[in-house]
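Reading the structure
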Amino acid sequence: MTSKPVLSVVVPFHNEAACLPELLKRLKEVLVPLTQASYEIILVDDGSTDSSPAFVQNAAAADSKIKAITLSRNSGHQAAIGCGLEYASGQAVITMDADLQHPPEVIPQLFEKWRSGFQVVRTIRISKNRIGLAQKLTSWVFYRLFNRISEVQILPEGSDFRLLDRRALDAVLSLPERQRFLRGFVSYIGFKQTNVEFECPERFAGQRSYTFRQSFALASNALLSFSTAGLSLPFFLGLASLCVVVLYVAVCGYLIWAGVFALSAGWLSLFTLGLLSLSLQLITTGIFGLYLGKIFLEVKQRPNYFVAATQNLEGPVRKP
Ligand code: UDP
Ligand code: MG
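Here's what I pulled together on the structure shown here. (Residues numbered from 1 in each chain as written. Chains lettered and ligands numbered in written order. Predicted model: local features only at pLDDT ≥ 70, side-chain atom pairs only at ≥ 80, totals over all residues. Heavy atoms only, no water.)

Brief notes about the coordination of the magnesium ion (ligand 2)
- Every protein donor of the magnesium ion (ligand 2) is accounted for by Asp-99 (OD) and Gln-101 (OE1), and the metal-donor separations fall at 1.9 to 2.1 Å.
- We classify Gln-101 as buried; its relative accessible area is 11%. (Donors = N, O, S within 2.8 Å, 3.2 Å for Na, K, Ca; no water. Buried < 20%, exposed > 50% of the residue type's maximum accessible area, 1.4 Å probe, protein only.)

Structure (structure tokens):
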């Protein structure tokens, strides 16, 4: 086997036939001069159903620096990145999307930061109009909530476009959870970190394949992985509702004593309080359920992807 490359670039893709030729062309233009041709591009097919697997197969057959991994089915963006990271053998690894929203032309800046001694180079998107209002709002709520309750902090305009030095990569891969929220992991591991800003364009071609369900799963996984705040929520809610009830009883008691209203006049408020306490109980039980579900998935220790085939690769550098 040839010696280890300086740089590995890991690209998960799902139905990106319209983007991959342009991506590979632009990646090569950047990587050849930057690394003196000591690079590998690992393309992870996350269950594509279009012609992208065939394109990648031909590209890998023509160029041994292009390495292909085919997952057995669609396992999700985070799982596909995780798989690529396990196979990457470079001294540094860059992860990026296939749709050119992470422009290859930014790679030299990440590389230079790494060369100057940084072990984690994160990126920050600076274009604001790329996403719709609903997505903007939900992501604002998510980041506010995450950074308030979690043990690590993440950047609102961060993404999975980043460079990891081998040591930082090994640290990420040593974290035992199966369900990975890589952005949280990267903050958690520490090391010498820096950021690079980049203009994030519209996707080059094709459709966004992240579904609302996937986005919700990613967000809830992130929150549940990095915070136990939900587990103590019932205690504080219980305390707050107890205060409300005590206050309510005191006020009603006084008003009845003072003859302002008869005993039966408070039925509506009682009904409201009953409903309030029921919904609080359901919400808090629901949060317990979310944590329990997560523990259940972790306890099963099922791999979050299966590799159906590889090309130009021997096996994972680091076993999952
Ligand atoms: N992707 C993937 N598996 C999926 C969904 C998406 O590997 O199940 C890839 C996709 O091909 C792209 C990247 O993940 O390279 C980001 O996805 P997308 O562009 O759909 O999301 P957005 O950039 O809009 O958040
Ligand atoms: Mg995209």
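Topic: the packing of aromatic side chains
- If you walk through the whole model with that rule in mind, you get 11 aromatic pairs.
- Counting every residue linked through ring pairs, the aromatic cluster contains Phe-142, Tyr-143, Phe-146, Phe-181, Phe-185, Tyr-188 and Phe-226.
- Positioned over the ring face of Tyr-39 is Lys-65, at 5.5 Å from the centre of the ring.
- Between the NZ or CZ atom of Lys-192 and the centre of the ring of Phe-118, over which it lies, the distance is 4.8 Å. (Phe/Tyr/Trp six-rings, centres within 6.5 Å; stacked < 30°, edge-to-face > 60°. Lys NZ or Arg CZ within 6 Å of the ring centre and 35° of its normal.)

Here's the deal with the pattern of salt bridges
- The full count for this structure, using the stated rule, is 12 salt bridges.
- Where Arg-26 meets Glu-105, a salt bridge forms, and the shortest distance between an N and an O atom there is 3.0 Å. One end of the pair, Arg-26, is in helix H1 (residues 20-35); the other, Glu-105, is in the loop between strand E4 (92-95) and helix H4 (107-115), and 79 residues separate them in sequence.
- On the basis of relative accessible area, Arg-26 is assigned to the buried category, the value being 18%.
- The closest approach of N and O atoms between Arg-125 and Glu-157, which form a salt bridge, is 3.6 Å. (Salt bridge = Lys/Arg side-chain N within 4 Å of Asp/Glu carboxyl O. Helix = DSSP H or I, 4+ residues; strand = E, 2+ residues; numbered from the N terminus.)

Remarks on the environment of Leu-31
- The residue Leu-31 is located in helix H1 in this model.
- Relative accessible area serves as the criterion here: at 0%, Leu-31 is assigned to the buried category.
- When the C-alpha positions of Leu-31 and Pro-104 are compared, they lie 8.7 Å apart, and in sequence the two are 73 residues distant.
- In contact with Leu-31, not counting residues within four places along its chain, are Leu-7, Val-9, Gln-36, Ala-37, Tyr-39, Ile-41 and Ile-107. (Contact = heavy atoms within 4.5 Å.)

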